[in-house]
Amino acid sequence: MIIDGRAVAQRVRDRVKAEVDELVASGGPQPGLATILVGDDPASQIYVRNKHEKSREAGMVSFNHTLPADTPEDEVADLIQQLNDDDSVHGILLQLPAPDQIDDDAMTALIDPMKDVDGLTPVSVGRLVQGKPGLVPATPAGCMELLRSVDTPLEGAEAVVVGRSQLVGKPVATLLLAANATVTHCHSRTRDLAAHTLRADILVAAVGVPEMITGDMIKDGATVIDVGVNRTDEGLKGDVHFESVEPKARAITPVPGGVGQMTIAMLLQNTLTAARMQAGVASRT
């Protein structure tokens, strides 16, 4: 089957809105999401605008901070500290990548881990690796939601992750391991990649190489999650060659219309979770 990321993302957003309404009705805080965008990159502007649109639809408060492209790093640091101290802000997101004068990692590390809805601070990463509750990067969390949406057996499954980025590859491998899958972690320099992918019950492709995974690298009945978003002369392509893989897969995400739809939905889930944590309210999930 083709996994409909739009439909799954809508279900997540509907669930988040219902829980936000319930939280506020019970006297809890109205979750607030603050974004920081340095510069005027068109793609980043669209992405941030979509985040705020969806957060307002979910009943959240939206705070948008847009700074000139030449903003000094210390001014970004000061803004992050102000948002850390603002009780109406429950989630902080620095849109990456920032301009060259901004150290992305240093600025991310300044965000209060309780408000780290991107799940990228050292504390968030450490809690994820240790299996402790915390805020998980949105795209990997979305991959897991998509797997659950088609009742993919996780416990004991052979899972292969291709890609080792901090944003997707490493955290999704950790989440699969926490779900009791047996995880093989590969990347663009893995020798004989097909020997690994052919064993996979679950394959997550997040390497950033257009159509790197082809049909002869997939075993019959595998569930394939394609995280790749590659702009080519032929249009948007995933890391998976959809036409050759789809006939062999039990389930597969398309590009577009798959994983990409989940990122903002899971960001909203993280913002709700952060608001609950800061208010001392237990999560329902």
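Refer to the structure above for everything that follows.
Here the residue numbering is sequential within each chain, running from 1 through the sequence in written order. Selection of residues for local features in this predicted model requires a pLDDT of at least 70, selection of side-chain atom pairs for listing and counting requires 80 or more, and totals for whole chains, interfaces and linings are taken over all residues. Working from all heavy atoms in the structure, the side-chain values ignore hydrogens and water.

(A) Seen up close, the overall build of the chain. Helix and strand definitions follow DSSP, with helices as H or I runs of at least four residues and strands as E runs of at least two, each counted in order from the N terminus. Within the chain, the secondary structure is distributed over 10 helices and 10 strands. Here the radius of gyration uses the C-alpha set of atoms, whereas the globule reference equals 2.2 Å times the residue count to the power 0.38. Compactness check: the chain gives a C-alpha radius of gyration of 19 Å against a globular reference of 19 Å for 285 residues, within 12% of the reference. For every residue, the accessible area (1.4 Å probe, protein chains only) is compared with the maximum for its type, and the residue is labelled buried under 20%, exposed over 50%, or partly exposed between those bounds. Put simply, the chain has 285 residues, and 47% of those count as buried. Excluding contacts between residues fewer than 6 apart, the proportion of contacts in the chain whose partners are at least 24 apart in sequence is 69%. All accessibility values rest on the Shrake-Rupley procedure with a 1.4 Å probe; residue burial counts only the protein chains present in the view. If you sum the accessible surface of the chain, you get close to 13000 Å²; carbon and sulfur atoms cover 50% of it. Here a residue-residue contact requires only that any non-hydrogen atoms of the pair lie within 4.5 Å.

(B) Up close: the packing of helix α2 (residues 42-57) against helix α10 (residues 262-279). Relative to each other, α2 and α10 sit at 50 degrees, their axes nearing to 10 Å. The angle between the axes of α2 and α10 places the two elements in the oblique class. Here the hand of the crossing between α2 and α10 comes out right-handed. When α2 is examined against α10, the residues Y47, N50, K51, K54 and S55 are found in contact with a partner set consisting of T263, I264, L267 and L268. Of the residues in the contact of α2 with α10, the class split is 4 nonpolar, 3 polar and 2 charged. Interaxial angle, 0 to 180 degrees, is taken between N-to-C directions of lines fitted to C-alpha atoms, where a helix line uses only the stretch in contact. An angle counts as roughly parallel when it lies under 35 degrees, as roughly antiparallel when it exceeds 145, as roughly perpendicular when it falls between 65 and 115, and as oblique in every other case. Should the near helix be turned counterclockwise from the far one by less than a right angle, the crossing is left-handed, whereas a clockwise turn marks it as right-handed. Gly falls in the polar group here, along with every residue not listed as nonpolar (Ala, Val, Leu, Ile, Met, Phe, Trp, Tyr, Cys, Pro) or charged (Asp, Glu, Lys, Arg).

(C) Representation of the sheet that holds strand β6 (residues 202-205) in the model. Here, any two strands with at least 2 DSSP bridges between them count as paired. The sheet built from 5 strands is open, its strands ordered β5-β4-β6-β7-β10 with parallel pairing. Each edge of the open sheet carries a strand with a single partner, namely β5 (182-186) and β10 (251-252). Docked against the sheet, helix α7 (residues 169-178) engages β4 (158-162), β5 and β6, running at close to 165 degrees with respect to β5.

(D) A look at the packing of helix α1 (residues 5-25) against α10. Remark: α1 packs on α10, axes separated minimally by 8 Å, with the N-to-C direction vectors making an angle of 20 degrees. The angle between the axes of α1 and α10 places the two elements in the roughly parallel class. For the element pair α1 and α10, the recorded crossing hand is left-handed. In this structure, α1 contributes G5, V8, A9, V12, R13, R15, V16, E19, V20 and L23 to the contact, and α10 contributes M262, A265, M266, L268, Q269, L272 and R276. Taken together, the residues of the contact of α1 with α10 break down into 11 nonpolar, 2 polar and 4 charged.

(E) Broad picture of the environment of H65. Relative to the elements of secondary structure, H65 occurs in strand β2 (residues 61-67). In the structure, H65 is positioned 107 residues away from V172 in sequence and 30 Å away in space, judged by C-alpha atoms. Not counting chain neighbours up to four residues away, the residues in contact with H65 comprise A34, T35, I36, L37, L79 and L83.

(F) Unusual backbone geometry, seen in detail. At the junction of L96 and P97, the peptide bond is cis and its omega measures out at 0 degrees in the coordinates. Between V255 and P256 the backbone carries a cis peptide bond, its omega angle lying at -5 degrees. With respect to the element layout, P256 can be found in the loop between β10 and α10. Despite not being glycine, N180 shows a phi value in the positive range, around 75 degrees. As for its placement among the helices and strands, N180 is situated in the loop between α7 and β5. Given a relative accessible area of 45%, N180 falls into the partly exposed group.

(G) Spatial organisation of the sheet that holds strand β3 (residues 91-94). Reading across from one edge, β2-β1-β3 is the order of the 3 strands in this open sheet, with parallel pairing throughout. Every other strand in the sheet has two partners, leaving β2 and β3 as the edge strands with one partner each. Averaged over neighbouring strand pairs, the angle between their axes works out to 15 degrees when direction is ignored. Helix α3 (residues 73-85) contacts β1 (32-38), β2 and β3 of the sheet and is inclined by roughly 180 degrees relative to β1.

(H) Structural detail: the nonpolar core. Take the buried residues of types Ala, Val, Leu, Ile, Met, Phe, Trp, Tyr and Cys, join any two whose side-chain atoms come within 4.5 Å, and each joined set is a nonpolar core. Residues V16, L176, V204, I225 and V227 are the most contacted members of the largest nonpolar core, which totals 47 residues. Contributions of two or more residues to this core are made by α1, α6 (138-149), β4, α7, β6 and α10. The biggest single contributor to this core is α10, with 8 residues. Beyond its immediate stretch of four places on either side in the chain, V204 contacts V160, V161, V162, V172, L176, I225 and V227.

(I) Representation of empty space enclosed by the protein in the model. Using protein atoms alone on a 1 Å grid, points that fit a 1.4 Å probe yet trap it form a cavity, whereas open point sets bounded by protein on both sides within 12 Å along at least five of seven lines form a pocket; residues with an atom within 4 Å of a point count as lining. Grid points are joined across faces, edges and corners, and a volume is the space filled by probe spheres set on the points. Enumeration over the complete set of coordinates arrives at 1 cavity of 30 Å³ or more. Empty space within the largest cavity amounts to approximately 30 Å³. If you trace the largest cavity, you find it lined by L94, L96, T108, I111, D116, D118 and L120. Residues of the lining of the largest cavity, tallied by class, amount to 4 nonpolar, 1 polar and 2 charged.

(J) Region of the structure containing the layout of surface pockets. Taken as a whole, the largest pocket holds about 1500 Å³ of empty space. Listing elements by their share of the lining of the largest pocket, those giving two or more residues are α1, α2, β3, α6, β8 (230-232) and α10. Ranked by the residues each element gives to the lining of the largest pocket, the list is headed by α2, at 7 residues. Taken together, the residues of the lining of the largest pocket sort by class into 24 nonpolar, 14 polar and 10 charged.

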